[in-house]
Amino acid sequence: PAENEALMEWQPLEAAVETATGQPFRVRDSRSMGGGCINRAILVSDVSRSFFVKLNAASLLPMFEAEAAGLDELRSADAIRVPDAVCTGASDGNAWLVMEYIPMRGPADARLAGEQLALMHRKQADAFGWRLDNTIGSTPQPNDWMEEWGAFLREQRLGFQLELAARNGYGGRLQSEGEKLLASLDQLIDHAPVPSLLHGDLWGGNIGYDDGGNPVIFDPAVYYGDREADLAMTELFGGFGRAFYDAYTDAGPLDRGYAVSKTLYNLYHILNHLNLFGGGYAGQAQGMIDRLLAEIG
């Protein structure tokens, strides 16, 4: 676990911020911020400038380095606002990621978010994957480049999570039916997606709106994949509102089989939640596998 911010020795972080920004920086105030269950989040300020800092164990520095690179990748699309990754480092047993602080107080413009996500998805690569492995939550996420989307989904997404579930003690029918699903995966993919730049973990907690009402996305698990995988994730925990989906589909209609693809792609996230949190996610994952196998017949 990360150290309490009151015990944090700020000098290495201050020096890194100064090097990255070319301006002096001394922490005069720090306070905990609400955030996810993986990292501690702290707002640090020297009165004139503020930065958002994530803290975790020093051994997890590669996780923050990959996240910083992912933020840069999303920013390179020049489509939707993404916090600037200022610097990463480790000291006093802590790894840290320093980011631009963006107050999220603006009115939600869901239609603009849909338009800008569709624009981001137009940034493409020549294959599926990414140049770095990263994490989804705190789970490793392999991203080796592959030419076939079905093979990538089978080996580096669903198969990886099923193997992890087996190691975590979730065997039996989840594994046997999961193997059937992996063997028949190509029958559930009704289109040939292009490798689009994905946020990778785009649920409602990872989008906000700045003071000008512009959407801001953060906490990514970046890779290049089927754009519908990002859209499916937006629907997993409540959805982004009708205006968002209308704007997105106006920019590029979804394939006819999206209802099935949505379940397939969100199975990855439910398996990940099973591996992270256990509990009722086993039954939810099994139910999704059963529905997908029924589609195959």
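Our subject is the structure listed above.
Residues numbered from 1 in each chain as written. Predicted model: local features only at pLDDT ≥ 70, side-chain atom pairs only at ≥ 80, totals over all residues. Heavy atoms only, no water.

A. Spotlight on helix 3 (residues 110-120). Along helix 3, the residues classified as buried are Ala110, Ala113, Gly114, Gln116, Leu117, Ala118 and Met120. Summarising the contacts, the buried residues of helix 3 are in contact with helix 2 (61-76), strand 8 (196-198), strand 9 (207-209), strand 10 (215-217), helix 6 (227-234) and helix 7 (242-251). (Buried < 20%, exposed > 50% of the residue type's maximum accessible area, 1.4 Å probe, protein only. Helix = DSSP H or I, 4+ residues; strand = E, 2+ residues; numbered from the N terminus. Contact = heavy atoms within 4.5 Å.)

B. Region of interest: the environment of Asp46. Relative to the helices and strands, Asp46 resides in the loop between strand 2 (40-45) and strand 3 (50-57). Sequence separation between Asp46 and Val27 is 19 residues; the distance between their C-alpha atoms is 5.0 Å. With residues near it in sequence (within four places) discarded, Asp46 still touches Pro24, Phe25, Arg26 and Arg28. Polar side-chain contacts of Asp46 include one of 3.1 Å to the backbone nitrogen of Ser48. (Polar contact = N/O pair within 3.5 Å; in protein donor to acceptor, adjacent residues only side chain to side chain.)

C. Just the pattern of salt bridges, in detail. Enumeration according to the criterion identifies 13 salt bridges in this entry. Note that Arg81 and Asp210 form a salt bridge whose closest N and O atoms lie 2.8 Å from each other. In this pair, Arg81 is assigned in the loop between helix 2 and strand 4 (85-91) and Asp210 in the loop between strand 9 and strand 10, connecting sequence segments 129 residues apart. Close ionic contact of Arg154 with Asp186 constitutes a salt bridge, the shortest N to O distance being 3.4 Å. Residue Arg154 is found in helix 4 (residues 149-167), and its partner Asp186 is found in the loop between helix 5 (173-183) and strand 8; the two are separated by 32 residues along the sequence. The exposure class assigned to Arg154 is partly exposed, which follows from its relative accessible area of 23%. (Salt bridge = Lys/Arg side-chain N within 4 Å of Asp/Glu carboxyl O.)

D. Region of the structure containing the packing of aromatic side chains. The tally for this structure, following the rule as stated, stands at 9 aromatic pairs. Between Trp145 and Tyr224 the ring centres are 6.3 Å apart and the planes differ by 35°, which places this aromatic pair in the tilted class. Of this pair, Trp145 sits in the loop between strand 7 (139-141) and helix 4 while Tyr224 sits in strand 11 (residues 223-225); the two residues are 79 residues apart in sequence, bridging distant segments of the chain. For Trp145, a relative accessible area of 44% translates into the label partly exposed. The rings of Phe128, Trp149, Phe152, Tyr223 and Tyr265 are connected pair by pair, giving a single aromatic cluster. Taking the ring centre of Tyr223 as reference, the NZ or CZ of Arg157 above it sits at 4.2 Å. (Phe/Tyr/Trp six-rings, centres within 6.5 Å; stacked < 30°, edge-to-face > 60°. Lys NZ or Arg CZ within 6 Å of the ring centre and 35° of its normal.)

E. Structural view of helix 9 (residues 281-296). With 16 residues, helix 9 extends 23 Å from end C-alpha to end C-alpha; this agrees with the ideal 22 Å at 1.5 Å per step. Check the buried side of helix 9 and you find it contacts helix 5 and helix 8 (258-277). Following helix 9 by one or two positions, Gly297 adopts a phi angle in the positive range, close to 85°. (Expected span 1.5 Å × (residues − 1).)

F. How the structure looks around the side chain of Glu67. Within the fold, Glu67 resides in helix 2. With a relative accessible area of 10%, Glu67 lands in the buried category. Engagement of the side chain of Glu67 in a polar contact is seen with the side chain of Lys54, the distance being 2.7 Å. What Glu67 contacts, discounting residues up to four positions off in sequence, is Lys54, Leu97, Asp219 and Pro220.

G. Structural view of the environment of Ala113. Its location among the elements puts Ala113 in helix 3. The spacing of Ala113 and Gly208 is 95 residues in sequence and 9.6 Å in space, taken between C-alpha atoms. Not counting chain neighbours up to four residues away, the residues in contact with Ala113 comprise Ile207, Tyr209, Pro215 and Phe244.

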